[in-house]
Amino acid sequence: MAEITLVEAVNQALSFEMQANPDVIVLGEDVAKDGGVFRATLGLLDKFGPERVLDTPLAESMIAGLAVGMAVQGLKPVAEFQFMGFIYPAIDQIINHAARLRNRTRGRLSCPVVFRTPFGAGIHAPEHHSESTEAMFVHTPGIRVVVPSSPARAYGLLLASIRDPDPVVFLEPSRLYRFAKQEVVNDGKALPLDVCFTLRQGDDVTLVTWGAMVKETLAAVSLLNDEGISAEVIDVATLKPLDMDTILASVEKTGRCVIVHEAPLSCGVGAEIAAQLVEKGLFSLKAPPARVTGFDTIVPYAKLEKYYIPSEKRIIEAVHRLMEFA
C-alpha cells in the first residue's frame, strides 16, 4: 500500500490491467515516449513495449476509430485524448460507432473501449483545455460515463471500466490530478460501476456532486457543520447510468438537495437529477432542488477561473436558502 496521487492511481490501474490482460492496448498522442501530457502513462512503454503503448498522430478522429476497430477485433483499447476540448473530432466515432455497435449488431458485437480524457477548469489553461461537457455523453445511449474524484476511486473505477464489455468515457478531473495523496492498495480490485458513493452522512441536506467539485463540496460541508447544519455528501461517480436510488434515499432522509457541478447550468447533468427528484421524490422534498454550477459561458482564462468554478461560498449560500424552508 502506498500514498499516491490521482494521476499516479490512473497509471497504476493501467499498469496492473496491462500486466493481467495482454489484450489491453494504450494509445493516444504522446502517451508512449513522453508518458502523456499529464504523465498518466509514464513508464508504460518501458514495461510493455511499442506494440501495446502507441503514440498516435494528432488526429482524435483516427484515435477513436482505431480504438473502435481494435475493440471489435477482441482487443481492449484504452484511448487517451489530451483534453476534453480536443475530443470533438472523435464524436462521430464515439457516438455513431462505439455507442451503437451492440445495438446495430443485435448483440453479436460489443465495443469494450475506454476513452480517457482530463476535463474541467482550474489548471490555468485556455478554454479548450478546461471543458466540462459530460452531459453530451450522458445524453448518448450506449455509453457509460465515469468520473473519479480521488486516487482510490480513480484506481478502482478505471479497472472496472477497462473490464466492462461496453464503451466507457472516463473523465479525469485535471485539477485533482496532484491535489492530494491517498493510500491505494495495488491489488487489482475494481470498484462497482453504476453506483454512487456516500462520502458523508447527514440529516439536514443532501449535496450531490462529482469530479473536482467534490473538493469544494466537502470543504463547504465542514463549514456548514460548524453552523450546526448536517449535510450528506454523495459522489455520483457514474453519471450514466445514473444511480438515482441512492440519491432518492438520501433526499427522503434530508428533504433537501443541492446539486453541484462545474459544467454550465443549462441542460447539465444536474438538471436531470433535479427532474428525477421532482418526478420520483416530490413528497420527500421540503424545498425545491437547487443547482450550483458553472455559468453558461466559455470557461474564462486563468484570472477569472476562480469566479467560474462553483465556490464553497456559493454552495453554502444555496444550502442556507433551502434551510429557510420548514
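## As for helix α3 (residues 60-72)
Here is step 1: Taking 1.5 Å as the rise per residue, α3 with 13 residues should run 18 Å; its terminal C-alpha atoms sit 18 Å apart, in good agreement.
Here is step 2: If you check which residues of α3 are buried, you get E60, I63, A64, A67, V68, M70 and A71. Projection of α3 onto a plane perpendicular to its axis shows the buried side chains occupying an angular sector of 165°, all on one side.
Here is step 3: Looking at the residues trailing α3, positive phi occurs at G74, about 100°.

## Quick look at the pattern of salt bridges
Here is step 1: Tallied over the full model, the rule gives twelve salt bridges.
Here is step 2: One salt bridge in this structure joins R102 and D166, with 2.7 Å as the shortest N-O distance. With R102 in helix α5 (residues 101-104) and D166 in the loop between α7 (151-163) and β7 (168-173), the pair connects residues that are 64 residues apart, well separated along the chain.
Here is step 3: You can call D166 buried: its relative accessible area is 17%.
Here is step 4: Between K253 and E232 there is a salt bridge; the shortest N-O distance is 2.5 Å. Separated by 21 residues along the polypeptide, K253 in helix α9 (residues 244-254) and E232 in strand β11 (residues 231-235) bring together distant segments of the chain.
Here is step 5: Accessibility expressed as a relative area gives 40% for K253, which makes it partly exposed.
Here is step 6: Beyond isolated ion pairs, a larger network of salt bridges with shared partners links R175, K215, E216 and E262.

## Comments concerning the domain arrangement of the chain
Here is step 1: Assigned domains within the chain: domain 1 (2-184) and domain 2 (197-323).
Here is step 2: The straight-line distance from the C-alpha centre of domain 1 to that of domain 2 is 26 Å.
Here is step 3: When the two sides are added together, the surface that domain 1 and domain 2 hide from each other amounts to roughly 2200 Å², 60% of it contributed by carbon and sulfur.
Here is step 4: Linking domain 1 to domain 2 there are three salt bridges.
Here is step 5: Note that R153 is salt-bridged to D235, the shortest N-O span being 3.0 Å.
Here is step 6: At the boundary of domain 1 and domain 2, one finds 13 residue pairs in polar contact (both at pLDDT 80 or more).
Here is step 7: Breaking the side of domain 1 that touches domain 2 down by element, the ones donating at least two residues are α6 (134-138), β6 (144-146) and α7.
Here is step 8: The class makeup of the residues in the side of domain 1 that touches domain 2 is 16 nonpolar, seven polar and five charged.

Procedures and definitions
Residues numbered from 1 in each chain as written. Predicted model: local features only at pLDDT ≥ 70, side-chain atom pairs only at ≥ 80, totals over all residues. Heavy atoms only, no water. Helix = DSSP H or I, 4+ residues; strand = E, 2+ residues; numbered from the N terminus. Expected span 1.5 Å × (residues − 1). Buried < 20%, exposed > 50% of the residue type's maximum accessible area, 1.4 Å probe, protein only. Arc of directions from axis to C-beta. Salt bridge = Lys/Arg side-chain N within 4 Å of Asp/Glu carboxyl O. Domains from an automatic or database assignment. Buried area = accessible area lost by both parts, 1.4 Å probe. Polar contact = N/O pair within 3.5 Å; in protein donor to acceptor, adjacent residues only side chain to side chain. Nonpolar A, V, L, I, M, F, W, Y, C, P; charged D, E, K, R; others polar.

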